[in-house]
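Here's the letter readout for the chains.
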Amino acid sequence: MSSTELWKKKLAAWIHDPVEKAIVLGRTSYGHENGSLAYLREQLHLEKGDYLSIADHWASAGDRPQWPSSSQGPQLYVNFTKDPVIKHPISKESFDLGAMSIPVGEIETFSSSHFKELIVKNEQGEIDYESTFLAFWRFGPSIDNYELGSLWRVLPADTRVPDHTIWNHLDLVSAFATALDGDPALLEFSIGPVQSFIKQARSTADLWAGSHLLSVLTFEAMIPIIESYGPDSVLFPSLRGQPQLDLWLLERVRGKDDQIGGFKWWDDHLKRVDFRYEVVESDSYPAFTASLPNKFVALVPYKDANEVALRAKKRLFDAVHNFGKEATSYLFADRFDDHMKDQIDRQLREFPETYWSTIRWPKRDKPIEEAARELDGLLRKLAGDGESSTHSLFKGTAWESLLGLEGKEDIPFRYKANPGVLFPGVLRATEIVHAAAKQEKLFLASEEKEFRCTTCGEREWLCTSNEAREYESSWPTPSRRKNSIWSELSKSRPSLAKEGEHLCALCSLKRGWPGIFSKRLEDLTGREFSRYIVSTHVMADVPKLVAARFSPYDPETHQAETYQNEQDRLPYLPAMPPKLYRELSSRSKRREEVERHYRDPIVREEDDTEEDPRDSMYYALLKMDGDRMGKLLQEGHQGVTVFCSWHPKVKRSVTELKSSMEAGDNLDSYLQSQPLPSPALQKNISESLANFSLVMVRQVLESMLYGKIIYAGGDDLLAFLPRTQVVDALGLLRQGFSGEKEVGGVDYFQRAYRDGYRVGSGFFYDKGSSGSSLRTLLGAGVATASFGVVIAHAKTPLSQVLVKTERAEALAKRHGRNGFCLYVAKRSGGDVAVFGSFERASKGYLSPLECINSLTSLLGKEVSRRAAYLASSWLRSIPDVGEADLDETSWFELVTSMLKYQFARQSKVGNLGEKPEMVAKVVDSLVKNVLCDRLIQVEPKDSEMSSKSGAIVSTLLVAEFLARSVDGGGN
């Protein structure tokens, strides 16, 4: 098949249904295929037979749970404009949009006009099917129409099963259209290592570079699949809207003129669908976001699967070596020689590790029952069970009923099952084989003779041929490397190498990556980009900078700086968190105060005396990871049934049919079974994670708070925060991850007074200046996340803080997930940590997170912080629950009464002024959460104290430490 034929087939498959099908279906005399769709086919010179209709049948079977219906009755039909109900794609929660009045002619005209603008022709005036397909796929879901904007994105593919969008369906049909060139197969490809590579970092720049580089490399491995079969063939992660994919779209038209389909045309359209592409001065440009996971799953023809995987591996390794040489050249310019090239080739030949697996669909000419049993047998062998049914994917009511197995042929399904329903089995087999492949590690011998890299300690540091000859007999120790190229670099460009640093090829690649990636963007777009690295010291200063607590400028004490010309005055302003930078840019006087604070050491010393400088030098590092995401991708949401997936009208019809059927028991079992995991589920989970990492996280941390994202990809997040905004960040991120209306009884988005920005029921709605936007999140009750937060001193080595952050996240997962671990790493020693759950507290009590928040406020404003230490001393002598005749009730009364007494004694306003009731609620909530194991002492544990008392002490000490900075602003 020629390239033109392939892309023509894909385009024909992608437009086999009109996008507005849900709105026009049943409302015209000419049918839904003879409106805008007929017009587009005419414009594109396509016929209905230009794609395999089997692709549509397989995609529909894979995505839609079948409903039974009477064979004598008419086909079930739902008028979407009169009864517009959509389902959340993962949680299956229903949303009634209310009757709408949209004229058929108006929506068809709009659709025709929208897609006509996306048709691309070549220089000969002929349709460029590849570019047109990519334009339809990328820009089709995004429109400028303010009224239709939100609805256009969520139009269902089938109004009877409105749990997946028309965009999901069109993408899958197009992917099957190329994969069905023979037998289709799933290809899973991954790279590694991830965490060990990222955490080998000496600075925040290294942290970002490691995560971003892995994201770029994952996409490099995808490119052969995308070029051969289109971005729709990648089922996970969803690539629409991914910054690296958008860069590839621009790269493929680099140097073309300004005609339709040229570089400017694509660039303008990207700016239209995402305002962040307008950004030219900073790393807010989307491509700087590390947003791709380290693996992908693609739908490809089985006959090409192995060959395309090898091409992906070659593309990946070529990219690594090219990046390595480019980074070394960027660091050392004309000193880059053949010896360095040899070192780079040797040290990078094992990076990254690559694994892939592929499983073919059962032969399509076999009866579906036989194909299912064949796939089931394969799964049993892979699970090591032989003939046992323990791991049988097909042992379940839904499968048995759908495939007519085990004698359950008496349910009258409207459509006969086809091999599209076998997607979950093929995916499970692919994952099992992939996991096995990752256990088989192959190591290539690498000879590293001399002193090791000062960052990773694994490979030689890079040196020139002259240095290698000079050091051949006796390589200098690190303390004596005074004239090496690295020592020269530390003097000439200290931002790229600190004194004493000598790096290997891989660590040099990370060190040079911000520079070379920015250069790549500048060469591509013609704009200048600056990568802002916020230091730990600046992040620790944020509360003071927000409150603008600076000493007054006294010209008699501090000599004013003079300049020959005003242009010579360079602002001395270090990299700031994005929100603070925007605020300072709009307030010149305040900016001058901040510049003077950093420029004049005498002023800085006076500013630091306003609060204890030891306390003011702490910042927070937050790490987040979704809970059981692999299980969600494999099995879907455990709390839904087949019956939940259908439109209410379908439910009523099925209920009526059930009452008249003799096979009611079998049907009832089918209705209450869990729906089969589908390709649309994979897409929707991936899109929800992308919406969270690309949009929600940046909105929360860099628009609402004064944070700085290091990386945000899918369900993984690493970010810096001011120590005063930890509680707000935890609440907002946890609520935003699943899209719940509230977390622990609190709507954190409402509390943040974010006008036009609403979160709930698995969606978030942003009514911005550029139009409304409705995006999906994972859904309430579907997924949870665990957070590890370390509050550390700015001078603590970042590598140590990273280790403690990983430890804190692991502790959060160990104690039940869906929680957070707050870990205070004091520079003087005496670390303290506490785990808190995000679950709703008992009625009338505060959640663990709100309990810590309220304690922090009390100890910072109303009560002396000494109360926390006094309480810690006497809590050591309190017996645990069950000891000394203390049951839970008596223990609760004993501890709460003593805490309230202590707080009253240490009140700054005398008996707590007018707030005794609030103090009582906070204290009662603290003790209640400890008794219910929603607040747990994690480490270090005091052997002289009971576990319950230890949890109260840990919570008090964490809150007390946070309270030291409340007066510094930022909350």
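Residues numbered from 1 in each chain as written. Predicted model: local features only at pLDDT ≥ 70, side-chain atom pairs only at ≥ 80, totals over all residues. Heavy atoms only, no water.

The end-to-end C-alpha distance of helix 10 (residues 204-229) is 38 Å, a good match for the 38 Å that 26 residues give at a rise of 1.5 Å each. Along its length, helix 10 reaches its greatest deviation from straightness, about 40 degrees, at methionine 222, and the proline proline 224 lies no more than four positions downstream. The buried fraction of helix 10 amounts to 25 of the 26 residues, a majority that puts the element mostly inside the structure. After helix 10 finishes, the residue glycine 230 shows a positive phi value of roughly 95 degrees. (Helix = DSSP H or I, 4+ residues; strand = E, 2+ residues; numbered from the N terminus. Expected span 1.5 Å × (residues − 1). Bend = angle between axes of the 7 residues up to and from the residue. Buried < 20%, exposed > 50% of the residue type's maximum accessible area, 1.4 Å probe, protein only.)

What follows is about the sheet that holds strand 4 (residues 234-236). Taking strand neighbours across the sheet as the criterion, the 4 strands line up as 4-5-3-6 in an open arrangement whose pairing is antiparallel. The open sheet has two edge strands, strand 4 and strand 6 (353-360), and neither has a second partner. Direction aside, the axes of adjacent strands within the sheet are offset by 25 degrees on average. Sheet analysis places strand 3 (residues 184-192) next to strand 5 (residues 295-301), joined by 7 bridges and oriented antiparallel. Following the sheet pairing, serine 190 is matched in strand 5 by lysine 295. (Pairing = 2+ DSSP bridges. Axes fitted to C-alpha atoms, helices over the stretch in contact; angles between N-to-C directions.)

Right, let's get into unusual backbone geometry. Of note, the bond from glycine 192 into proline 193 is cis; its omega dihedral lies within 30 degrees of zero at -10 degrees. Mapped onto the secondary structure, proline 193 falls in the loop between strand 3 and helix 9 (195-198). Residue phenylalanine 236 is joined to proline 237 through a cis peptide bond whose omega torsion reads 0 degrees. Relative to the helices and strands, proline 237 is located in the loop between strand 4 and helix 11 (243-251).

Once that is clear, we can look at the environment of phenylalanine 80. For phenylalanine 80, the position within the fold is in the loop between helix 4 (53-63) and strand 1 (85-87). Other than its neighbours up to four places away in sequence, phenylalanine 80 contacts Ala22, Ile23, Val85, Ile86, Leu97, Met100, Leu151, Leu155, Pro156 and Thr159. (Contact = heavy atoms within 4.5 Å.)

Inspection of every chain in the model, using the stated rule, returns 30 aromatic pairs. Between the aromatic rings of tryptophan 58 and tryptophan 361, the centroid separation amounts to 6.2 Å while the plane-to-plane angle is 40 degrees, which identifies the pairing as tilted. With tryptophan 58 in helix 4 and tryptophan 361 in the loop between strand 6 and helix 15 (368-383), the pair connects residues that are 303 residues apart, well separated along the chain. Considered together, tryptophan 58 and tryptophan 361 belong to a single accessibility category, that of buried residues. With a centroid separation of 5.3 Å and 85 degrees between ring planes, the pair formed by tryptophan 265 and tryptophan 266 is classed as edge-to-face. Of the two residues, tryptophan 265 and tryptophan 266, both sit in the buried class. Chaining the aromatic ring pairs together yields one cluster made of Trp14, Phe110, Phe115, Phe136, Trp152 and Trp167. A cation over a ring is seen here: arginine 360 above tyrosine 302, with NZ or CZ 5.3 Å from the ring centre. Over the ring of tyrosine 330 we find arginine 493, and its NZ or CZ is 5.0 Å from the ring centre. (Phe/Tyr/Trp six-rings, centres within 6.5 Å; stacked < 30°, edge-to-face > 60°. Lys NZ or Arg CZ within 6 Å of the ring centre and 35° of its normal.)

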